[in-house]
Each structure stands twice: as structure tokens, then as C-alpha cells.
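Geometric and topological summary
This is what each chain is made of:
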Amino acid sequence: MSAARCCSPPQALAGIFVWHLKKTGIRQVPCQFVHLCRAPNDRLITFQYFNFLRRMYVTQYNKDLSQRVKPKSDSVVSPFRESQLDQERKVIHKITPISPVHQPLSELREIKSAAEIGDPATPLAAKSKEEGQWREMKLRLDDLPGILARLSKIKLTALVVSTASAGFAMAPVPFDLPCFLLASLGTGLASCAANSINQFFEVPFDSNMNRTKNRPLVRGQISPLLAVCFAASCGVPGIALLTMGVNPLTGALGAFNIFLYTCCYTPMKRMSIANTWVGAVVGAIPPVMGWTAATGSLDAGALLLGGILYSWQFPHFNALSWGLREDYSRGGYCMMSVTHPALCRRVALRHCVALIGLCTVAPILDITTWTFPIISLPLNLYISYLGFRFYREADRSSSRKLFFCSLWHLPLLLLVMFSCKKSLLEKEEQGDALSGSHGRAMEIRLP
């Protein structure tokens, strides 16, 4: 009959409630909302509590609210896209055999364990197996001269021969070219023999040092037997040339120097810092050999030249060893720069100053004129200044400057000394004058 009869009582009540809300909603809803949001203790609610009420409302009045995962619709792939995907699969198939640069830690551990076990399937195990095995070194004749030159320390040998030549040139006798050539050749062969034996003894220690790890015996470029044979083939003819071609005194000095370098200095490098003083004696003998080769006797001039070389070696070697302290300690060598650094610097400075005094003694011994100590004074003062800086600063920069200064200081000092050498005629005139004055004195004394 009417629409109200068709509706049930609950539906009618709901309709009346909706009509009431529409009529009073604009004016009363804000007040009711503020009233509902007041706390029991009549304080306004905070933002966190408002969120809490909102969540409670959602859970109580929207119990059917839930998240549902929609199934992904299958997209239609175009034929062009299918061909592109096939190409990508082909590219991926080609790239997959390449191993990544950074392998996972688990894979590295597996490879390492397989290499330790000795699994030949792993490349690391095969590589370690090849490195652990002895490999035959093929020696070519084209490489042999260079290997033997490094075995004999050709640069050091050239320095030894040059100092021996300076001693021969400074001798107060006429220059004898055949004797000079024989003395130089014999001294060079003796030096090659001593250096080769030194490298033969120090192979296990040289392998621990960056400075000497590339030597021929360390790298296996030459066998120890061949190195010993080369040393014998240099030492025996060298001493024979000095003994029979020059004089026995020079040959004895050469043999003693080989013994001192190989049997005293080489083992003492791992025992005591006294090896530096022994090595200085070894370096001082070659100019003495040159003097004895020319004169056949040990004079004051020979000892003076030996003293200059002896003092020069301390700033030279101490400055060099200062920059190689890590290498020497790694190799097990007992050097002043490693165990006594303060003493290393003091000794270098002392012998720099000692060079000034030794150069002053040369005209007193009638070896040079008085112009030699005057001309050599700036050279000796400069190396003394660098020695003082090395003593005060004790750093790598000052040691390098002192070392490089010593490289040009010695040849320049010997050249100045040779240019200021007293000529043989002047000495003969002085000898005649002394003999004439002595004769006149004897005549006056006689009745």
C-alpha cells in the first residue's frame, strides 16, 4: 500500500537516523567530534592518540578491510620483443662462462682448499704447482755477457780500477804504459773474482732484499757452479798477472784483498758493525796497489792515498745504507744504520772532516804542491756541510744528497790531486839542492 509498509522496522529506523544527521550535521558534528576526542581527564588528545583512535576505528568498523594481492596479468609479448629476448638470452649464454672479478668468499675458500689439497682441476692449484716445481733455466750465449757483468758488479769493478789507476798515476816515477795496463787488468780481474764469490755466499740473504733480489744467482739465471768457475777464472789469472807481470808485492796485496773481502767482510756483515771498517780497508787497498805497481814499494804516498779512500768510504757507504735500513734488516745484515743510527751519522761526519786534514798532509809529504789543499778545500767543505746536515737531520733526503755528492767528490778530488802533483824534475832539483847544501856543509866542517 505505501512505501513505509514495504520497509522493515530496522530499515525505517536507519532512514530516520540518516535524515536526522543531514538536518543537524553541519552544526553538531564538529562539537560531537571534539567531545569524542577529549580524554577522560578533560585534556585535548595528542597527534599520536588521534592516530591510535583512527586505527581502532578502522579495525572495529571495517573488519572486512584487508590487503589482497592481485594476480599479475600476463602481458602479451610482441614478436619483435620475443626476438629481442632471444638475442639477450644468446648474449647471456656467451657471458656466463666468464668468471667474475670479485668472487664470493666461499668460492675463494673452496679454490684455496683445493689448491692446498692439490686438486689439479683448479687453475690456482695448477699455477701453484708450477711455481713450486724447479724449472730448468735455459742460458743463451747472447745473455751471458750481461749476466757475468752483473755477477762481477761491473760498476764497482770500474771504480776499483779507476782508484788503482789514480794510485799508479800519482807515483813519483816515470809513467810505464805496459806496467799500467797489466796492473789495471790484474786489479779488475781480482775485483771480479771477489764480487762473484761475495754473491755466491749471499744468495739466501740477497733474496730477502729488494736491492739485491734481481741478482743472477738469486734469480737462477746462472748456476752456482758456473759462478764459482767464473770467479776462479778471474781470480787466478788476475793474481798471476799482478805477481809475475807487475811485482810480487802488488800480487800479494791483490790476493790479500780478495781474502779480506770474501772471507772476512762478507761473513762479518751478519755478525758485527765492524764490517764497515773492514770494508773500508778493502776499498783503500786498490790505490795502494797502483802505487806499489809503479814504485815496487810501500811509501808514505801510498798510505796517504789509501787513507783518503778509507775516509771517503764512510760518508759514501753510511749515506747509502741509511736509505736501505729496511732492506738490510730484512736481509739479516748488521749495519750501523740499523743497529747504531747515531753512530752511523757521527762516523760519516768525522771522516768528512778528516778529508780536509788528509789533503793538507799531501804537500807536507812532498806528494803535491800547496795548491792542492787550497783547491780541494771547497770540495771538502761542501761534503762536510752535507755530512753535518745528515748528522743533524737524519732523514732520507739528507742521506741521498750526501751519497750523490760522494759520487762526484772522489773523482774530482783525485783529478785535482793529480793536477797538483809534484813533477819528477822538481823532486830531482830539490834532491840535488839538498845534496849540494849537504856537501858544502861537509866541506866547511873538514879542515
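Residues numbered from 1 in each chain as written. Predicted model: local features only at pLDDT ≥ 70, side-chain atom pairs only at ≥ 80, totals over all residues. Heavy atoms only, no water.

**Let's talk about the nonpolar core**
If you look at the biggest cluster of nonpolar residues, it comprises 60 residues, and the most contacted ones within it are Tyr328, Phe372, Leu402 and Met417. Aside from chain neighbours lying at most four places away, what touches phenylalanine 372 is Cys359, Ala362, Leu413, Val416, Met417 and Cys420. If you look at the next biggest cluster of nonpolar residues, it comprises 10 residues, including Leu151, Cys192, Ala193 and Ile222. (Core = buried A, V, L, I, M, F, W, Y, C linked by side-chain atoms within 4.5 Å. Buried < 20%, exposed > 50% of the residue type's maximum accessible area, 1.4 Å probe, protein only. Contact = heavy atoms within 4.5 Å.)

**Some thoughts on the UniProt feature "transmembrane region" (unreviewed entry) in the protein chain**
The positions UniProt marks with the feature "transmembrane region" (unreviewed entry) are residues 249–266, 273–294, 300–322, 343–364 and 370–390. Between the C-alpha atoms that bound residues 273–294 there is a distance of 35 Å. The span itself is 91% helix and 0% strand. In residues 343–364, helix accounts for 100% and strand for 0%; the two terminal C-alpha atoms are 32 Å from one another. (UniProt positions renumbered as here; feature names shortened; annotations may be inferred. Helix = DSSP H or I, 4+ residues; strand = E, 2+ residues; numbered from the N terminus.)

**Some remarks on the packing of aromatic side chains**
Taken as a whole, this structure holds 12 aromatic pairs when the rule is applied. Taking 5.6 Å as the distance between ring centres and 50° as the angle between the ring planes, the aromatic pair formed by phenylalanine 200 and phenylalanine 201 counts as tilted. Aromatic rings pair up to connect Phe168, Phe175 and Phe180 into one cluster. In this arrangement the basic side chain of arginine 270 is found over the ring face of phenylalanine 205, its NZ or CZ atom lying 4.0 Å from the centre. Note that arginine 325 overlies the ring of tryptophan 322, its terminal NZ or CZ placed 4.0 Å from the centroid. (Phe/Tyr/Trp six-rings, centres within 6.5 Å; stacked < 30°, edge-to-face > 60°. Lys NZ or Arg CZ within 6 Å of the ring centre and 35° of its normal.)

**A few points about the pattern of salt bridges**
Enumeration according to the criterion identifies six salt bridges in this entry. Ionic pairing is found between lysine 422 and aspartate 366, a salt bridge with its closest N-O pair at 2.3 Å. A residue pair is termed long-range when its members are at least 10 positions apart, and lysine 422 in the loop between helix 20 (396–419) and helix 21 (424–445) and aspartate 366 in the loop between helix 18 (341–364) and helix 19 (371–393) qualify at 56 residues. Assessed through its relative accessible area of 14%, lysine 422 is described here as buried. What makes aspartate 366 partly exposed here is its relative accessible area of 26%. (Salt bridge = Lys/Arg side-chain N within 4 Å of Asp/Glu carboxyl O.)

**What about the side chain of asparagine 198?**
Along the chain, asparagine 198 falls in helix 9 (residues 177–201). In this view, asparagine 198 contacts Lys153, Arg215, Tyr261 and Thr266; residues no more than four positions away in its chain are not counted.

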